[in-house]
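Architecture at a glance
Below, each chain spelled out in residue letters.
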Amino acid sequence: MASKYITLISGDGYEFVVLREAAMISPTITGMLRNQFAEAKTGRCLFPEINGVILGKVVEYFNYYHKNRDKEDVLDMEIPVDLCLVLIEVADFFGLDEQQS
Amino acid sequence: MSARRQASARRIQGPQSALTDFLATHNISAQQIRLDAEARRRAALNDQPDAGSQQEDQTSLSIATPVVADALAPSTGPRRAVADREDKRKKEQKVIEKIKASKKFQKRKRNLDDSEDEDDLALALFQQSAAPLPGQMENCAVCAKRFTVTPYSRSAPDGGLLCNPCGKELDQENVAPKKKPKRVSGGAVGRRRQVASKILDGTYRLGAKGLMTLCIETLAKNIDLAEDLGDLPQHIIDKIARKLSKHRLLDSRTLSLFLQPTADRVYIYDGARLTSSDFIRIFQTVPTLKKLKVRNGIHFKDEVMDYLASRSIDLEELYLHGANLLSESKWKEYLARKGQSLRSLRVYWTDKHFGDEVLAVLETSCPSLERLKVSHNQQVSAQGINEIAKLKSLKHLSLDLRNQVHPDGYVSMLGKIGAELETLSLSRVLDVDNTVLDAIHNKCRVLQKLRITDSDMVTDDGFTRLFEEWPNQGLVFVDLEKCRQLDSAQPRDNPNNIGFCSNAFKALMAHSGRTLKHLNLHGCRHISRAAFEEVFGEDKIYPELQKLEISFCEEVTDFIVGSAFRSCPNLRSLNVFGCMKVKDVQVPRGKILVGVPNAVGMVIAGTHDDDE
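Residues numbered from 1 in each chain as written. Chains lettered and ligands numbered in written order. Predicted model: local features only at pLDDT ≥ 70, side-chain atom pairs only at ≥ 80, totals over all residues.

As a further point, take the overall build of chain B. The number of helices and strands found in chain B is 23 helices and 16 strands. Of all 612 residues assigned to chain B, the portion counted as buried reaches 32%. (Helix = DSSP H or I, 4+ residues; strand = E, 2+ residues; numbered from the N terminus. Buried ≥ 20, exposed ≤ 12 C-beta atoms within 10 Å, placed from the backbone.)

See the structure below:
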């Protein structure tokens, strides 16, 4: 059985170790870890076009979502205003939209 | 002088008060205090610049007679002032020495070694004790006017007290005291209310919001910082537009964020703040426009329509909401010129300017029109229905008219275009009766969405005939809100089975149960308990049903609600307002029950795991 954790690697080389279950809320990552892709075997997903700061924020969101998955009245996560537009694009890439998740 | 006073103070002068006696044992003379106070008062009077020299002359050691006082005053003034100052200084010195000798001073002195510090301390204590008490008179340190000291008198920056006007000035000069920061809304109560509102909107979900939503909300809060949205995908731009409109933030400036020259659609969800020139700007910036939606487009006026007609833009979809300044002649003109490409025309809230004459133009000018919606319209009448009947290409028809049209109008219309219709929505049609239902049964073959509301002419038998052996595919959306008997004389009885009742319900579910996604039976109050129990029986499964509205169906019980949740595995929310027999239901996890009248609240979000 694969590890409980997976590693997400940003374009500039930062590595983030995330709980597999938390990262699976993204259909994109779920897709990467399915079947016999290289990512599924190694548990390492490389995102060459995403930089470390942004990926860090996404990882923060994974954990935030996972922690609050069954709670009501969840406090909103802080989004830095300057990263807002980039994060929208990245959120779209990861499929972190409400209808899909 | 002070020595003499001292001496007189020691003299025994008859009975003394207990306090004076006590003070005397502590080497403090009551008389001395009184004399000091008098001297201070005198000195204060002397300090006053224009308090009248007569007064001074009377109280102080007068040299001249009152007659010459005025003439002498300037020469005596300085001399006396010097003498007074000398006197005052001496007195101060004496009191300071007394303070230095006091126990309190000794105690505090222990912490200090330096003799200079000692002097400072003594002076400080002196000034402390010399400050006038409330109720006394004092000269203001700034304007030198005489005033009564109160507990609220302000002290001047360099010692002394200020009179009321000067104190106020000082307050204003100082930085205004910081106001308490406003309490951020969205506290416990605010959030709870928000959750309830979301449940009623049907947008509620457990857990955190999507990252996208969070980002868009942040963006909407800071939209004034945004210069350009970059090349985000269309569906994201649409989401941002919705969010902004929700907060009424779409104006002339923010509109430009959404105008992408290569886009084929512009959806404006709230155009209340846009002007005519903004609407014209849309057509200037987006020459490839195909789909236009404007809600609350109040300023979508004749001039805008003129401009749109003059451009090479051929709209396929036009959705106008609230554009009630557009005249009927302009509508006709536009449709005649640009109707050729139009596939979808939806017009909401346009008062009187979109009427039968405009509908009459549609037949010739819009040969490919598939979707027509006329909503909240006061002008369209039976004549207009006849015109609609000529639109052979129509697939989706939705009418919400204020003029009541005789059912025959609908019957003849269905006879002509019913066979192609996928959507038939007739809202607030009080007079529609069984003849219309029969026409639907006979003509419609590809219907998916059916809405007939507020009719109290249709009967149970009529609906049963409609659904039984109807060679139409299963419906997906059914809304029969308030199709019920209304008789104030006999509110309970329904001898003629008017409205959508038990048999009709069974027939509908038998016909469309497998495909239905959305069912609204609001106020169909004559459906019996047995009918509900049969429809949501143990062996019945309605796999597609997501939204069920059975408010004001009086016979609904806890058992029926539970059965409905079991029979409809994909049900997301169930509305049971006014179902008084629903009391205590266990709602499965992830499902929402709205409208139970109990202390838990209007809304129950299910948390109960259904593994009984």
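Once you've had a look at it, read on.
This part is about the overall build of chain A. Each helix and strand counted, chain A has 5 helices and 3 strands in total. Counted from the first residue to the last, chain A has its helices and strands arranged as β-β-α-α-α-β-α-α. Scored against the burial criterion, the 101 residues of chain A give a buried share of 27%. Within chain A, contacts between residues at least 6 apart in sequence are counted, and of these 68% link residues at least 24 apart. (Contact = placed C-beta atoms within 7 Å.)

Tallying the contact residues gives 23 residues for chain B and 25 residues for chain A. Elements with a contribution of two residues or more to the side of chain B that touches chain A: helix H9 (188-201) and helix H10 (211-221) of chain B. At 8 residues, the largest contribution of residues to the side of chain B that touches chain A is made by H10 of chain B. Taken together, the residues of the side of chain B that touches chain A sort by class into 14 nonpolar, 6 polar and 3 charged. (Nonpolar A, V, L, I, M, F, W, Y, C, P; charged D, E, K, R; others polar.)

Chain-level pLDDT for chain A is 86 on average; 93% of the residues reach the 70-or-more range. Mean pLDDT values over the elements of chain A span from 83, in helix H3 (residues 38-42) of chain A, up to 93, in strand E2 (residues 15-19) of chain A. (pLDDT = per-residue confidence, 0-100.)

The next point concerns the sheet that holds strand E3 (residues 44-47) of chain A. Residue and element names in this part refer to chain A. Taken in spatial order, the 3 strands of this open sheet run E2-E1-E3, and their pairing is mixed. The open sheet is flanked by E2 and E3, the only strands paired with a single partner. This sheet shows a mean twist of 25 degrees between the axes of neighbouring strands, independent of strand direction. As judged from the 4 bridges shared by strand E1 (residues 5-10) and E3, these two strands associate in the parallel manner. In the strand pairing of E3, Leu8 is matched with Cys45. Strand contacts of helix H4 (residues 52-67): E1, E2 and E3, with the helix running at about 10 degrees to E2, the strand carrying the most contacts. (Pairing = 2+ DSSP bridges. Axes fitted to C-alpha atoms, helices over the stretch in contact; angles between N-to-C directions.)

For the rest of this paragraph, the subject is helix H23 (residues 558-567) of chain B. Taken together, the buried positions of H23 of chain B are occupied by Ile560, Val561, Ala564, Phe565 and Ser567 of chain B. On its buried face, H23 of chain B is in contact with helix H22 (529-535), strand E13 (547-549), strand E14 (573-575) and strand E15 (592-594) of chain B.

Residues and elements named next belong to chain B. We note that Asn296 has phi near 55 degrees; this positive angle belongs to a residue other than glycine. Looking at the element boundaries, Asn296 is found in the loop between strand E4 (291-294) and helix H14 (302-310). Taking the number of C-beta atoms within 10 Å as the measure of exposure, Asn296 has 21 and is therefore buried. One non-glycine residue, Phe552, lies in the positive phi region at around 60 degrees.

On to the packing of helix H18 (residues 407-417) of chain B against helix H19 (residues 434-443) of chain B, then. Helix-helix packing: each pair is described by the crossing angle between the helix axes and the interaxial distance. Residue and element names in this part refer to chain B. Viewed as axis vectors pointing N to C, H18 and H19 meet at an angle of 5 degrees, and their least axial separation amounts to 9 Å. Here H18 is positioned roughly parallel relative to H19, judged by the angle of their axes. Contacts between H18 and H19 pair Pro407, Tyr410, Val411, Leu414 and Gly415 from the former with Thr435, Val436, Ala439, Ile440 and Lys443 from the latter. Looking at the contact of H18 with H19, its residues break down into 7 nonpolar, 2 polar and 1 charged. (Parallel < 35°, antiparallel > 145°, perpendicular 65-115°, else oblique.)

Attention shifts here to the packing of H10 of chain B against helix H11 (residues 234-246) of chain B. Residues and elements named next belong to chain B. For the pair H10 and H11, interaxial distance at closest approach is 10 Å and the crossing angle is 50 degrees. Classed by the angle they form, the pair H10 and H11 counts as oblique. With respect to the hand of their crossing, H10 and H11 are arranged in right-handed fashion. For the pair formed by H10 and H11, the contact residues are Ile216, Glu217, Leu219 and Ala220 on the first element and Lys239, Ile240, Lys243 and Leu244 on the second. For the contact of H10 with H11, the class distribution of residues is 5 nonpolar, no polar and 3 charged. (Left-handed = near helix turned anticlockwise from the far one by under 90°.)

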